[in-house]
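Close look at the chain arrangement
Spelled out, the chains give:
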Amino acid sequence: EISKKLGFVVPGIRIRDDVELEPSQYQIKIGEKIVADDIIYYDKILAIPAEGVTVELVGLKVTDPSFGVEAYWIEPALATDAKSKGYVTVDPTSVLITHLGQVLNNFAAELIGQDEVQDLLDNLEETHPSLVQSVVPKIVPLHQLTSILQNLLSESVPISDLQVILTELGSLNIQKMSNEDISEAIRPKLIPLLIQKLTKFKDTLPLITLAPDLEQMILSVVRQNPDEKMLLLDGNLAKQILQNLNEATEKLSREGKAIFLIVAPQIRRHVAHFIKSQLSAVNVLSFTELPENRSVEIVYTVGGTDPKSEVE
């Protein structure tokens, strides 16, 4: 299921779980690198409070490994009572699976290499031989295609529709484009897959936006530093923005909603680089990438005077 969402077969993941111990500590490894770990209680249930719930439970207070919100490991017999107080209860195995899925999503770019990309090309060539042969390696060599796919995966954009990706590559004049520029040009065709992965079709998309003044300031910074990949912001302002986004992320996560921050296309890449390392759950889209057939609602504004916003 995870491989289907990412668009390639996931290799090289190991989970070490001391199931005979209680509590059980687990580690998630990519190669030899530990990318996540936590503790799980197989004889208990994890209770996660819904938005606005402040009633404390009898149990072990922890931080949920997937969403970073306060939660409690409680005895199974207390699950019904926890639900009546506004908590969502999750069994231990589901806690581990959800955390694993999040980790794989966050580290997908490190899991795909040229061998995996070649396998994808071989599969596509069975049904679209002319397309594959006309693009790889004539227009894009394998190593460059791998880099482009890694760029997309680093922002959780699925690469499952390789036919669309190669078709787009074939239509671009990529000779003077960087791999980042190419990835950015391909994104609009793939974003519907990202939204489809995270939301139901009939659901209204909850959007976070930047207040006009803040967005104009970031636009100005990017224009003044056109060759700088990182977003150069004042330290205090950067901290406030991240704190504000974290509050919005926690609120939406508690409600089981995906997090989309919508910005101007000229600054999308810079804002994404700034945010993604700190708040991996935030999907930064440009307003030109929003599908026309989806209803949207602005639920949070960063940097404005709206009561929903905090950064001034």
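Preceding block: the structure.
Please read all numbers here as calculations on a predicted model, not as lab measurements. (Residues numbered from 1 in each chain as written. Predicted model: local features only at pLDDT ≥ 70, side-chain atom pairs only at ≥ 80, totals over all residues. Heavy atoms only, no water.)

Residue placement: Val9 occurs in the loop between helix H1 (2-6) and strand S1 (13-17). Judged by relative accessible area, Val9 falls into the exposed class, the value being 65%. Placed 103 residues apart in sequence, Val9 and Ile112 show a C-alpha to C-alpha distance of 8.6 Å. (Helix = DSSP H or I, 4+ residues; strand = E, 2+ residues; numbered from the N terminus. Buried < 20%, exposed > 50% of the residue type's maximum accessible area, 1.4 Å probe, protein only.)

For the structure shown, the criterion picks out 15 salt bridges. With its nearest N and O atoms 2.6 Å apart, the salt bridge here joins Arg268 to Glu184. Taken together, the positions of Arg268 in helix H12 (residues 268-276) and Glu184 in helix H9 (residues 179-198) put the pair 84 residues apart, joining distant regions of the chain. Glu184 matches Arg268 in its accessibility class, with the two residues each being buried. Put simply, Lys251 and Glu255 hold a salt bridge, and the shortest N to O gap is 3.1 Å. The exposure class assigned to Lys251 is partly exposed, which follows from its relative accessible area of 33%. (Salt bridge = Lys/Arg side-chain N within 4 Å of Asp/Glu carboxyl O.)

So, on to the layout of surface pockets. If a probe the size of a water molecule is rolled over the atoms, the empty space left behind becomes visible. The computed volume of the second largest pocket comes to approximately 330 Å³. Lining the second largest pocket are 20 residues, with Asn151, Leu152, Ser154, Glu155 and His273 sitting closest to its centre. Those elements that place two or more of their residues in the lining of the second largest pocket are helix H3 (92-106), helix H7 (142-154), H9 and H12. The element best represented in the lining of the second largest pocket is H12, accounting for five residues. Classifying every residue of the lining of the second largest pocket gives four nonpolar, eight polar and eight charged. (1 Å grid on protein atoms, 1.4 Å probe; cavity = no way out; pocket = protein on both sides within 12 Å on 5 of 7 lines; lining within 4 Å. Points joined across faces, edges and corners; volume = space filled by probe spheres on them. Nonpolar A, V, L, I, M, F, W, Y, C, P; charged D, E, K, R; others polar.)

Bringing a negative patch on the surface into the picture now. Negative charge collects at one region of the surface, where Asp115, Asp119, Asp122 and Glu126 lie side by side. Of note, Asp122 is situated in helix H5 (residues 114-125). (Patch = residues over 30% accessible without salt bridge, like charges linked within 9 Å, V, L, I, M, F, W, Y side chains within 5 Å. Areas by Shrake-Rupley, 256 points an atom, 1.4 Å probe, with all protein chains shown as cover. Lys, Arg positive; Asp, Glu negative; His and termini not counted. Charge placed at Lys NZ, Arg CZ, Asp CG, Glu CD.)

With that settled, the discussion passes to the side chain of Glu289. Tracing the backbone through its elements, the reader meets Glu289 in the loop between strand S10 (282-286) and strand S11 (296-302). Residue Glu289 is classed as buried on the basis of its relative accessible area, which comes to 5%. Those residues in contact with Glu289, other than ones at most four positions away along the chain, are Arg187, Pro188, Ile191 and Arg268. (Contact = heavy atoms within 4.5 Å.)

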